[in-house]
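So the chains spell out like this:
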Amino acid sequence: MKWNTTRFLVDLTSPKVMGIVNVTPDSFSDGGQHASTAAALGHCEILLKDGADMLDIGGESSRPGAHSIALEEELARVLPVVREAVKFGVPVSVDTCKPAVMQAVLDLGADIINDIWALRWREPDADPSQIDGKQVVSRHPSCGVCLMHMHRQPLTMQLEPMAGDAVGQVRLFLQEVAQDLQASGVQKNRIAIDPGIGFGKTVAQNFALLARQGELLGDGYPLLVGWSRKSSLAAVAGCASSAVTSSLGHERMVPSVAAALLAVERGASIVRVHDVRETVQALKVLSAIK
């Protein structure tokens, strides 16, 4: 299987590691550590040295309880980083839900739009004629796109998590949004899907999505999974429960790597992680027995 993106045809025969670059002051794990352009680009270089296959740059936190930020602020955070990151010679993904940000980063040469809203977000009280994310992606000739499942929105998603069988609901949602995007002219080989671990789901539902992950693969889209440092891992592993602690990365690194490894064993094509070096090492061990 190959994932078609703006500049790269990504071979998913072997799993790929997507390194997280949060250009934010308030992300749940590493908020503020890479908030300046120089710090973010330095972190990109470290992730690539550690073995990342691609980078995922985000300028707006989507942690539980997060408020949306102004378009101008997100652009100011993201554009200077993307402008330089596209020179590193690897696929560059941008984590955004705003159509104007999508258009701006694609104009700079970004390869992938990674959207927690699955291209459904619109400005409150927006003019119906305003271009949306689906139109931005559809008008681009080749960019990749990752469609994620999220219950409710970051501000409210963990106040009232989804009920019932998450696996069936997530699969149906991802089928529908992917088919809708194809109907708008985006080829299937440009689309990846993400079950949205932690986005409006209980601990049990998150682990059901891992245990039954194979059910999400039947429609032929590559699966991108992001377990890295999520609170569900802390809940079962007995590590730091606070989402904002100086030791969060250390506390949750081992269970994060374990979850990434299990996701790949169950068919994930891309794992989105903070701890790139450790994840790459673990995947080499997995590869050795295959």
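As a reminder, the structure under discussion sits directly above these lines.
Residues numbered from 1 in each chain as written. Predicted model: local features only at pLDDT ≥ 70, side-chain atom pairs only at ≥ 80, totals over all residues. Heavy atoms only, no water.

J.: Could you give an account of the packing of helix α2 (residues 71–85) against helix α3 (residues 99–107), with specific residues and numbers?
T.: In contact at an axis separation of 10 Å, α2 and α3 are set at 20 degrees when each is read in the N-to-C sense. As far as their axial angle goes, α3 and α2 are roughly parallel. In the crossing of α2 with α3, the sense of the turn from one axis to the other is right-handed. Contacts between α2 and α3 involve L71, E74, L75, V78, L79 and V82 on the former and, on the latter, A100, V101, A104 and V105. (Axes fitted to C-alpha atoms, helices over the stretch in contact; angles between N-to-C directions. Helix = DSSP H or I, 4+ residues; strand = E, 2+ residues; numbered from the N terminus. Parallel < 35°, antiparallel > 145°, perpendicular 65-115°, else oblique. Left-handed = near helix turned anticlockwise from the far one by under 90°. Contact = heavy atoms within 4.5 Å.)

J.: Please provide a residue-by-residue account of the nonpolar core, values included.
T.: Counting residues in hydrophobic clusters, the biggest one holds 63 residues, and the most contacted among them are I57, V105 and L147. A per-element tally of this core places helix α5 (residues 166–183) first, with seven residues. L147 has contacts with D115, A118, L119, L174, V177, A178, L181, I191, A192, I193 and D194, leaving out every residue within four places of it along the chain. Listed in part, the 10 residues of the second largest apolar core include V10, M18, C146 and L224. (Core = buried A, V, L, I, M, F, W, Y, C linked by side-chain atoms within 4.5 Å. Buried < 20%, exposed > 50% of the residue type's maximum accessible area, 1.4 Å probe, protein only.)

J.: Please set out the pairing of strand β6 (residues 112–115) residue by residue, giving values where relevant.
T.: Burial along β6 is two-sided: I112 and N114 and I113 and D115, pointing in opposite directions, are all buried. Examined bridge by bridge, strand β5 (residues 92–95) and β6 share three bridges and lie parallel to one another. Pairing of D95 across the sheet is with N114, part of β6. In terms of handedness, the path from β5 via α3 over to β6 forms a crossover that is right-handed. As judged from the four bridges shared by β6 and strand β7 (residues 144–148), these two strands associate in the parallel manner. By the bridge assignment for β7, I113 is matched with V145. (Pairing = 2+ DSSP bridges. Right-handed = clockwise from strand over helix to strand, strands pointing away.)

J.: I'd like a description of the sheet that holds strand β4 (residues 54–58), backed by residues and values.
T.: Pairing within the open sheet is parallel, and its eight strands lie in the order β8-β7-β6-β5-β4-β3-β10-β9. Of all strands in the sheet, those bounded by a partner on one side alone are β8 (191–194) and β9 (224–225). Note: β9 against strand β10 (residues 270–273), two bridges, orientation parallel. Residue L224 lies in a different strand from β10, and its bridge partner there is I270. Sheet strands in contact with helix α9 (residues 276–288) are β3 (16–22) and β10, and its direction is about 170 degrees off that of β3.

Any functional reading would require information that these geometric values do not contain.
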